[in-house]
Every structure is written in structure tokens, then in C-alpha cells.
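Structural description and commentary
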Amino acid sequence: MQAMARYVFQTENTLCSGDHVSWHSPLDGSESRLQHMLMTDDPQIQPLTTPFGAVNFVQIIGATAEELKAAQHWNGTGVVELIKTIPLAGGPWLVTDMRRGETIFEIDPQIQDKVDQGIEVDGSNLSGVSSRCSWEEPGEGHDVNEEDNKENRLVEGDRRGSSDVERPHISESESEQIKAALKKGLSITPQNPAKTEAGGQKEHSQNTTTTATATTTTITTTTTTTGTTTTDREKNSSRKESFDSNVSIEAPTELLRTRSLEAVHLKFNVEAGALLPLALRGRLRHGRHFTFKSILNDVAITLVSTSVVGSIADEEHPFAAHGPWLQVLFTDDFIDTLLEDMEVLSDADELQLPRTFSWSDKKLSITIIPDEA
């Protein structure tokens, strides 16, 4: 709890119901399988309204690696609801028993079918993670912190389908929030990385009831690295998502040039790379987006599908950057190719690192590097 409190105060990332935290360490310092956390509204203590604003009480639930993976691939709220149905895993009051030695899937094998069905129907509400990631434009000696003198080839009027309100949309205000957050360092500095001293990593997801900008028509990169609700369909919720909840614009974001790139080389650590299939299958296939935010600097990489409107990348220019924020657009057929070629990432423990995947016809390379690199 103390380490988690330090993380919240250092990074200014709040914890919301539906979030999940990959902690990678027994929560009580023992050899327990409960090494991660899910967040939910306290089932007993109701929200309070005070002269200083609303107070919501968030309960921490101990989770196994398998349960965390289910929350990542589907959503935290759905997994919490399943845990409520199993007395040995916490029951309706969600009481964590650190002595629990079985996952909910081992206790009730039918639970896995419910999770699989939820993923198939809803996709994943995990819309981003804080990780070790970077990008560069190959062959140009260019890195993401250099200013580019190329003319901006992405004219606002030429952007794909900007008037289509039926499709997922990156709103202007959300885009500005992302840019502002990048200017601030995504609220995370090298001195205060997202990984806490206990090894925790917060994952970003869209919360339908507790995060303000999670909507079915918007692409949000605020998602706190941890959980979210079953779908992206809630509109105008009452609270901003944790990633941009305390961000202020410290410099004019219009000074950052938006430019298209001819080719891109993406680099991810193992934990982030293992989430690429999730991003493609659970997010982009459902017409959504997924963002990797660096814990070391201002870099962010947002993957978008052709269904997302308002992105700075389009099918003619699939690689587009605004300062250190890169957007990469994948067509439906290329998503299928990526999933097939990167199937090995489903068992990252067996991967020989570093491992580079290349698609020369798409001018894209992805390298998975060791976590300690």
C-alpha cells in the first residue's frame, strides 16, 4: 500500500475502479500467487460528496498472473464481476485471501469460456500501457527528439473521413490533452518511472463509469495503465482518466510539427511486446486504438485502425508524428499478417532476444528487446 501510494503521488496517475496493476511480486512478501492488483469500487463504502469535491473509495483485489492477463485482454471490471461469483476467490465482498493457491480458472474452468466470450464480443478496454518503448525513422539518422524540416504533408483538410461521426474518433480536446501530456513528460519522469520499487506497472484502460474521456466515438490515450470497463461506449463520464487528470499545457503544442514518415522502426521491451497481439486483436480489430507510453521520456506510440477518425495518420501516410508522439495506422489485412507473423510473442518466455520482425513492403520493423536493456 505504501509503495502504491508513493507511485500515485510521484506520477500523479490516479487509481480508478476497473484499473489493474501488474506488480510482479507477492503482495504480502510471501510466496503467494497473488502478485498483481485489480481495482474496483468499494462494495461497502459509498462515494461521498464534500465541499472539496467527490470522494470515491477504491478497493484493491489481489490477482494472479492469469487473472491479470484476463483483465488485460478483456477488461478489469468483467474479471472482478467473475471473481465475485467465486467464494474462494473473494466472493461478493472481494476479500483477498493471500493463501489462495488456485486461479479462478482452476477453481471453475467455465470461467475461461466467459472471458473468451467477452473478448470476442467486447474486445479489450485496455487502451495503453506505460512501458519501455521507442521509435525511429530508419536510414535518416533521425530520432524522435530531433526537429524535422520536412514540409508537413498531412493537411487537415485531406485527413481521412474527418466528418464521419459514426466511427471511433480522436477528438480535438483529447488530442490536445495527449500533446500536453507529452510536453509534460506523460506525467512520468526518468526519476519517477511508472515501474515502482516493487516492480509494479500501471496499465492504461478506458473506464466507462469512472474515466471521463472514455467514449465510443473517441480515442483516448489517458487510460491509466490499469483496467477499464466492458466497452468504450460510455459518453461524457464524470471524471478524467488518470493519464491526463493533472496535465497542464506548459508550452504551445502548435510548435511541435506534425509530419509523415517514410518508414518506422519500433522497439518494445518484452512485457510491452507481449501485449502487441492484444493491441491488434482486442483493440484494432474492434476499430479502436492502443498506446504505448515510455516510462523514460516523452515518447508515445499510438496504434490505430482505419476505423479511427481524427488520427494524424491515414492510409496514404500510415506513419505520422507530432513531436515525440507517433501514430501508426494498420489496415485490416495487415493486422491479420502481423498477428500471424508475431504469434511467437504469445510465449515471450521462449523468445530469443533481441528479435526483429520486418515487413519491407510496409516499411515497418518491430524489435523486441530484453526488459533490462
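Up top you'll find the structure we're talking about.
Residues numbered from 1 in each chain as written. Predicted model: local features only at pLDDT ≥ 70, side-chain atom pairs only at ≥ 80, totals over all residues. Heavy atoms only, no water.

**Focus: helix α9 (residues 332-341)**
So the rule is basically this: A 1.4 Å probe rolled over the protein chains alone gives each residue an accessible area, and that area as a share of the maximum for its type sets the label: buried under 20%, exposed over 50%, partly exposed in between. Working definition: helices are DSSP H or I runs of at least four residues, strands are E runs of at least two. Numbering for both runs from the N terminus. Arc definition: it is the arc formed by the directions from the helix axis to the C-beta atoms. Contact criterion: two residues are considered in contact whenever any of their non-hydrogen atoms come within 4.5 Å of each other.
Buried within α9 are the following residues: Phe-334, Ile-335, Leu-338 and Leu-339. Angularly, the buried residues of α9 cover 140° about the axis, an arc narrow enough to put them on a single face. Along α9, exposed side chains directed more than 90 degrees from the buried face belong to Asp-333 and Glu-340. For α9, the elements touching its buried residues are α8 (276-283), β15 (325-330), β16 (355-359) and β17 (364-369).

**Concerning the pattern of salt bridges**
The following threshold applies: By definition, a salt bridge exists where a carboxyl oxygen of Asp or Glu is found within 4 Å of a side-chain nitrogen of Lys or Arg.
Across all of its chains, the model carries eight salt bridges by this definition. Note that Arg-33 and Glu-66 form a salt bridge whose closest N and O atoms lie 3.3 Å from each other. With Arg-33 in the loop between β1 (20-22) and β2 (36-41) and Glu-66 in helix α2 (residues 65-73), this residue pair connects regions lying 33 residues apart in the sequence. On the basis of relative accessible area, Arg-33 is assigned to the partly exposed category, the value being 30%. Note that Asp-97 and Arg-99 form a salt bridge whose closest N and O atoms lie 3.2 Å from each other. Taking relative accessible area as the criterion, Asp-97 reaches 30% and is therefore assigned partly exposed. Arg-99 gets classed as exposed once you look at its relative accessible area, which sits at 75%. Taken together, the salt bridges that share partners define one network made up of Arg-33, Glu-66 and Glu-106.

**Points about unusual backbone geometry**
Going from Leu-353 to Pro-354, the amide bond is cis rather than trans, its omega being -5°. Here Pro-354 is to be found in the loop between α9 and β16. Its identity is not glycine, yet Leu-94 carries a phi of approximately 55°, on the positive side. As for its position among the elements, Leu-94 is in the loop between α3 (76-84) and α4 (104-107).

Read these as geometric descriptors, not functional statements.
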